[in-house]
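Spelled out, the chains give:
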Amino acid sequence: MIYQTVIGLEVHLQLSTKTKAFCGCIIDFGRAPNTCVCPICLGFPGTLPVYNKEALNSAIKVALAFNCQIQEHTKFDRKNYFYPDLPKNYQISQYDLPLSRNGYLYIYRDNKPKRIGITRIHLEEDAGKLIHEDGQSLVDFNRAGIPLIEIVSEPDLFSPQEAFDYLTNLKSIIEYLDVSDCDMEKGSLRCDANISLRKAGSLELGVKTELKNMNSFKGVKDALSFEVGRQAELLDRGGDMVQETRLWDAEKGVTVSMRTKEGAKDYRYFPDPDLTRFHINQDMIERLRLKLPELPQEKLQRFMKEYSLSEYDAKILVSSKEDARFSEECIRIYPGKDKKLMVNWLIGPLLSEANSRKVKISELNITNDELISLIGFVERGEISGLSAKGVLSQMIDSGKSARELIIESNLLQVSDTEELSKIIESVILENTKSVDDFRSGKTNALMFLVGQVMKKSSGKANPKIVGQLLSRRLTDA
Amino acid sequence: MTAHELLVRLKSGSVASEAVQEALYARIEKVDSKINAYVRRADFRKNDAVNKKQGLLFSLPVTVKDNICTEGLNTECCSKILAGFCPPYEATVISKLKKAGAEIFPLKANMDEFAFGSSTENSCFGPTHNPWNLGCVPGGSSGGSAAAVAADEAIWALGSDTGGSIRQPASFCGVVGLKPTYGRVSRFGLIAFASSLDQIGPITKDVEDAAILTQAISGYDPNDSTSVDQDVPDYLKSLTKDIKGLRVGIPKEYFVEGMDSEVKSVIEQAVNKLKTLGASVKEVSLPHTEYAVPVYYIIATAEASSNLARFDGVQYGYRAKSDNLIEMYKRTRAEGFGDEAKRRIILGTFALSHGYYDAYYLRALKVRTLIKQDFDRVFAEFDCIAAPTSPTPAFKLGERASEPLKMYLSDIYTISVNLAGIPAISIPCGFTKDKLPVGLQIMAGSFNEEMLFRVAHTFEQNTEWHKIKSSL
């Protein structure tokens, strides 16, 4: 049977605000356990939450970036369940009046956009962290009360790859907004997936599985791919799908059932009476909208237009906000007319240096000016393209300037005709056969002779000039 | 002696604060073994250093209900589950009192566990006795605070009122009790029963003291999102002794079957007194009154079930021994909570459960709005409402302990005020034949505490009820 895969994603993002969502505790991931806490985020009796305006503003910015409608009236609700990492045994969240609804973002496959609906984006608080050690379970409440936003997509994703693309684009937008670290390994971005299969052509949704415990985008994709196979096989066998929550085991590469729908919790949501309903007025929304930075898709279009870049090149440059800023600055101050040359450096040697170091272009230890200075040496014919790549690598490692390194390694190409002429004379004397060959019309012999000159100059001779000098010398005589 | 009388003497120097404090401790030592208004009496002498603070309140000690957090002093809500809990922070009302110059000693008053009750019988420290008749309850849940004030073993006290917990014990003990407008006084540091209803207020010997204490604790608090940023008027200015021409409404729904006939006639006399003082009195209707008790017990228990979830043995308070987490939760809560707390947690959990939420909680919220609108309509035409505080005088200890429904009906006249968020005061207005006090309740529109003080003070200054003391 042919099935269509239907996927919806729930993404939780920790907002990188200065303080927690409902108290004044500083957020600092480097601190020792239970040192960023106070009676409020520890849920001590008698304490009360007061919401953090910075967190609300960040959440609204995210909602605007994802084209959501911001709700005029919103409120916080309590989600009740017992767990030792939850100090109050309820989580302050939003239930029936979320901050925003009905947004979307685009993913691109073969340059074709596909619109993925966003059901809702709401604000809530994070729980603490359980640490299991030597048969003991310890709780660190530093994380308890950190503002989270939950971004829930529509079931508009039809393959694990689309889910992966959605996450990549989502992350890129959030990074542009500068409101979250978006680091899945550190847990500042978490993703749960709902997946079901239906007969191709059917409009009815199948029985879904909720997948948890993925800690990378690739993990999400792998877990979904596994699930597609598992569900298809089960359906082919005529088996009954049960609605359940399954955990991804990255090591074994399988999903394992955690609980079925019957075991689902009743969270007894109700409006949090400690936090009054609030109003988000249009002025506030417009003020925040004006503060939105240029988002990846807009920047992509602009780069293509302004710098005549291909979509492929532009996409690489805008994939990270910092790289886009670095690249645009390089392109702007690059003195040459053909900006494409600069772009080739960025997406060629520089990107491969970044990839091999597993960092972003902008995180490489090199300034725009130094990079352009290096390119200048090549363009003036003072060093070869090949040695320039080596210099680039050394610049990044040592932090030294291009000039310093080129001089240190004696890489300047010899373009001095007098000096080159001497070498050419000796090469002619030592290779009379090739000289004769050239003169008798075997033009290939010239390349051999150029090679000999290069060899004699230990590679420093400018091959272009050597070629010109040689051919003039041999034809003149 | 009232606080304002003491303040005059402290100011003039004719009485020293040490002497006031010594006299108070002596009185507590003499009578509290009979009343049991205070908890953890062993702590009393811990804080011997007497500070002579000037300030408005001249180091006058304030008795504090055990659900209001006092930094460095145990705050246990008279529950085993909070045994040993000593908050490292204090309630905003306590900070405000200190700022005004009051002294906070370990004078923590008995109460129904987590304020669940109308008799102060549900306390892990045993019941408090009514100073007027030791065989009777003092009312509740702020029974310790009210009994202490009535027995002269407190100068004044703070209570909390979720459905009548200040006014009903004030009525039973023959003292003054005020529940301020919701949002007038910060709830920060008040261990929550039902967050949308709770409000801290004074229990005092007369109306002037109530005005002074309300003045000291009122005002916006950025740490409480539900407190309202509105200026606090000078309440002493409303103690005018003049109510000529005021329009007073008498809700007909409050004079119905089940009301004690003696209470009824005392209240009728009190209403007549208001008339003779120049008020124009008319019957009014609060048509949704009959729904107040069920609506209250859905909303209050729902909120309580969630508020009390944090008492799980993980971080503080009582923890039962167990070798796994779920067992630890279960045993801690089974052993730590009293019966009434368990009953309310179960009721509230049920009301919020999937499939019942719409029928109970959501509907209760809607009826709450109707109840509020009843009051809005009346206050559009009337300055205040006068009514009984409780349908009966203080009842016998143990009499209603096994009948929760009957106990819940003790709050029938006080609950609507909390649901509507408006302020109300209970003042002594007479006695039954058995010498049990009866309270007159006056209600006004939101943030109109001034009206309460004006009417209550005028009534009080023209009657002698507040001067009559128990024979204790």
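Once a new chain begins, its residue numbering starts again from 1 and follows that chain's sequence as written. Chains carry letters from A onward and ligands carry numbers from 1 onward, assigned in written order. Residues qualify for local features only when their pLDDT is at least 70, as the model is predicted, and side-chain atom pairs are given and counted only at 80 or more; totals for whole chains, interfaces and linings, by contrast, use all residues.

### Regarding the overall build of chain A
Item 1. Starting at the N terminus, helices and strands are each numbered in turn, a helix being any DSSP run of H or I of at least four residues and a strand any DSSP run of E of at least two. In terms of helices and strands, chain A carries 15 helices and 16 strands.
Item 2. Expected size for 477 residues packed as a compact globule is a radius of gyration near 23 Å; at 31 Å, chain A overshoots this value by more than 25%.
Item 3. For chain A, the spread of C-alpha atoms along the principal axes amounts to about 100 × 55 × 50 Å.
Item 4. For every residue, the other C-beta atoms within 10 Å of its own C-beta are counted; 20 or more classify it as buried, 12 or fewer as exposed, and values in between as partly exposed. C-beta atoms are placed from the backbone. With 477 residues in all, chain A has 37% of them scored as buried.
Item 5. Excluding contacts between residues fewer than 6 apart, the proportion of contacts in chain A whose partners are at least 24 apart in sequence is 67%. The globule rule is 2.2 Å times the number of residues to the power 0.38, and the radius of gyration it is compared with is taken over C-alpha atoms. We call two residues in contact when their backbone-placed C-beta atoms lie within 7 Å.

### Remarks on the overall build of chain B
Item 1. Along the backbone of chain B there are 14 helices and 10 strands.
Item 2. Taking 23 Å as the expected radius of gyration for a compact globule of 472 residues, we find that chain B reaches 21 Å, a close match to that expectation.
Item 3. Dimensions of chain B along its principal axes, counting C-alpha atoms only, are 70 × 60 × 45 Å.
Item 4. Across the 472 residues in chain B, those meeting the buried criterion constitute 59%.
Item 5. The long-range share in chain B, meaning contacts at least 24 apart out of those at least 6 apart in sequence, stands at 76%.

### Concerning the interface of chain B and chain A
By convention, interface size is frequently given as the accessible area that disappears when the constituent parts associate.
Item 1. Taken together, the contacts link 32 residues of chain B with 23 residues of chain A.
Item 2. Counting only elements with at least two residues in the side of chain B that touches chain A, the list comes to α8 (292-307), α9 (325-336) and α10 (339-352) of chain B.
Item 3. A total of three residues in the side of chain B that touches chain A trace back to one element, the largest contributor, which is α8(B).
Item 4. Tallied by class, the residues present in the side of chain B that touches chain A amount to 16 nonpolar, 11 polar and five charged. Residue polarity is assigned by list, with Asp, Glu, Lys and Arg as charged and Ala, Val, Leu, Ile, Met, Phe, Trp, Tyr, Cys and Pro as nonpolar; anything else, Gly included, falls into the polar class.

### Some points on the sheet that holds strand β13 (residues 244-249) of chain A
Residues and elements named next belong to chain A.
Item 1. When DSSP finds at least two bridges between two strands, those strands are taken to pair. As summarised here, the arrangement of the nine strands in space is β2-β6-β7-β10-β1-β11-β12-β13-β14, forming an open sheet in which the pairing is mixed. With partners counted over all chains shown, the strands left at the sheet margins are β2 (69-70) and β14 (254-260), one partner each.
Item 2. As defined by bridge partners, strand β11 (residues 189-199) adjoins strand β12 (residues 209-214) across four bridges and the pair is classed as antiparallel. Within β12, the residue paired with A193 across the bridge is L211.
Item 3. Convention adopted: a line fitted to C-alpha atoms gives each axis, helices being fitted over their contacting stretch, and angles between N-to-C directions are expressed from 0 to 180 degrees. Strands β1 (3-14), β11, β12, β13 and β14 of the sheet are contacted by helix α3 (residues 217-236), whose axis makes an angle of about 25° with β11.

### Quick notes on the pairing of strand β10 (residues 147-153) of chain A
Residues and elements named next belong to chain A.
Item 1. The buried fraction of β10 amounts to six of the seven residues, a majority that puts the element mostly inside the structure.
Item 2. Pairing between strand β7 (residues 112-125) and β10: seven bridges, direction antiparallel. Bridging from a neighbouring strand, I118 pairs with S153 of β10.

### Things to note about the packing of helix α6 (residues 207-217) of chain B against helix α14 (residues 449-461) of chain B
Packed helices, taken two at a time, are described by the angle between their axes plus the distance between the axes.
Residue and element names in this part refer to chain B.
Item 1. Contact geometry of α6 with α14 gives a least axis separation of 9 Å together with a crossing angle of 160°. Between α6 and α14, the angle is such that the two are roughly antiparallel. Considering only the axes of α6 and α14, their crossing is left-handed. Residue-level contacts link V207, E208, A211 and T214 of α6 to E449, F453, A456, H457 and E460 of α14.
Item 2. Looking at the contact of α6 with α14 residue by residue, the class counts come to four nonpolar, two polar and three charged. Throughout this description, any angle smaller than 35 degrees is read as roughly parallel, any larger than 145 degrees as roughly antiparallel, any in the 65 to 115 degree range as roughly perpendicular, and the remainder as oblique. Left-handed is the label given to a crossing in which the near helix is rotated counterclockwise from the far helix by less than a right angle, and right-handed is the label when the rotation is clockwise.

### Here we look at the domain arrangement of chain A
All names here are of chain A.
Item 1. Domain annotation for chain A reports domain 1 (3-288), domain 2 (293-408) and domain 3 (417-476).
Item 2. Placing a centre on the C-alpha atoms of domain 1 and another on those of domain 2 gives a separation of 36 Å.
Item 3. Contacts between the two partners involve eight residues from domain 1, matched on the other side by eight residues from domain 2.
Item 4. In terms of residues, the side of domain 1 that touches domain 2 owes the most to one element, helix α2 (residues 160-177), which gives five residues.
Item 5. Here the residues of the side of domain 1 that touches domain 2 sort into five nonpolar, two polar and one charged. Residue ranges assigned to each domain were obtained from an automatic or database domain assignment.

### With respect to the nonpolar core
Item 1. Put simply, a nonpolar core is buried Ala, Val, Leu, Ile, Met, Phe, Trp, Tyr and Cys residues tied into one set by C-beta atoms within 7 Å. Membership of the largest hydrophobic core comes to 147 residues, with the highest contact counts inside it found for B:C384 and B:I442.
Item 2. Examining the composition of this core, we find that nine residues originate from one element, α8(B), more than from any other.
Item 3. Discounting residues that sit within four places of it in the chain, B:C384 has contacts with B:L246, B:V248, B:I442, B:M443, B:A444, B:M451 and B:V455.
Item 4. Formed by 65 residues, the second largest nonpolar core is a distinct cluster that contains A:A65, A:I146, A:Y166 and A:M214.

### Some thoughts on the sheet that holds strand β6 (residues 247-251) of chain B
All names here are of chain B.
Item 1. Strand order in the open sheet made by the 10 strands is β2-β1-β3-β5-β4-β9-β10-β8-β6-β7, with mixed pairing throughout. Pairing within the sheet leaves two strands with one partner each, and these edge strands are β2 (108-109) and β7 (280-284).
Item 2. Where strand β1 (residues 63-65) and strand β3 (residues 157-161) come together, two bridges link them in parallel fashion. Each bridged residue has a counterpart across the sheet, and for T63 the counterpart in β3 is A157.
Item 3. This element, α14, spans β4 (176-179), β8 (384-388), β9 (424-431) and β10 (437-443) of the sheet and lies at about 15° to β9.

### Topic: unusual backbone geometry
All names here are of chain B.
Item 1. Here the residue pair G140 and S141 is connected by a cis peptide bond, since its omega of 10° sits within 30 degrees of zero.
Item 2. Take S141: it is sitting in the loop between β2 and α4 (143-150).
Item 3. In this structure, F58 takes a positive phi of about 45° despite not being glycine.
Item 4. On the secondary structure map, F58 appears in the loop between α2 (17-35) and β1.
Item 5. Look at F114: it is not a glycine, yet its phi comes out positive at around 55°.
Item 6. Within the secondary structure layout, F114 lies in the loop between β2 and α4.

### Thoughts on helix α9 (residues 368-379) of chain A
Residue and element names in this part refer to chain A.
Item 1. The terminal C-alpha atoms of α9, which comprises 12 residues, lie 16 Å apart, in line with the 16 Å expected from a rise of 1.5 Å per residue.
Item 2. Along α9, the residues that are buried comprise L371, L374, I375, F377 and V378. The buried residues of α9 occupy one face: seen down the axis, they fall within an arc of 150°.
Item 3. Elements that come into contact with the buried residues of α9 comprise α7 (321-333), α8 (339-357), α10 (385-398) and α11 (402-408).
Item 4. Taken from the residues just after α9, G381 is the one with a positive phi, measuring 75°. Expected helix span is given by 1.5 Å per residue-to-residue step, counting one fewer step than there are residues. Taking the helix axis as origin, the arc is that swept by the directions to the C-beta atoms.

### Examining the environment of A:E175
Residues and elements named next belong to chain A.
Item 1. With respect to the helices and strands, the residue E175 is situated in helix α2.
Item 2. Once the C-alpha coordinates of E175 and R246 are considered, the two residues, 71 residues apart in sequence, prove to be 29 Å apart.
Item 3. Not counting residues up to four positions away in its chain, the partners in contact with E175 are C182, S320 and K321.

### A word on the environment of B:F116
Residue and element names in this part refer to chain B.
Item 1. Here F116 is to be found in the loop between β2 and α4.
Item 2. Since 29 C-beta atoms lie within 10 Å of it, F116 is described here as buried.
Item 3. For F116, the contacting residues outside a window of four places in its chain are N122, S141, F193, E340, A341 and R344.

### Focus: the environment of A:Y176
Item 1. Along the chain, the position of A:Y176 falls in helix α2.
Item 2. Considering only alpha carbons, one finds A:Y176 and A:D165, 11 residues apart in sequence, at a separation of 17 Å.

### Things to note about the packing of α9(A) against α10(A)
All names here are of chain A.
Item 1. Two elements in contact, α9 and α10, have axes separated by 10 Å at closest approach and are oriented at 160°. As summarised for this structure, α9 and α10 are arranged roughly antiparallel, according to the angle between their axes. The chirality of how α9 crosses α10 is right-handed. In this structure, α9 contributes E370, L374, F377 and V378 to the contact, and α10 contributes G385, A388, V391, L392 and M395.
Item 2. For the contact of α9 with α10, the per-class residue count stands at seven nonpolar, one polar and one charged.

### Here we look at the pairing of β3(B)
Residue and element names in this part refer to chain B.
Item 1. Within β3, five of the five residues are buried, which leaves the element mostly enclosed by the surrounding structure.
Item 2. Side chains of β3 alternate between two faces, with A157, G159 and D161 and L158 and S160 buried alike.
Item 3. By the bridge criterion, five bridges tie β3 to strand β5 (residues 199-204) in an arrangement that is antiparallel. Each residue of the ladder has a partner; that of D161, found in β5, is Q199.

### Considering the confidence of the model for chain B
Item 1. For every residue, the predictor assigns a confidence score, pLDDT, that lies between 0 and 100. Confidence in the prediction of chain B, expressed as mean pLDDT, is 94, and 97% of residues score 70 or more.
Item 2. Scored by ipTM, the complex comes to 0.95, with pTM at 0.89.

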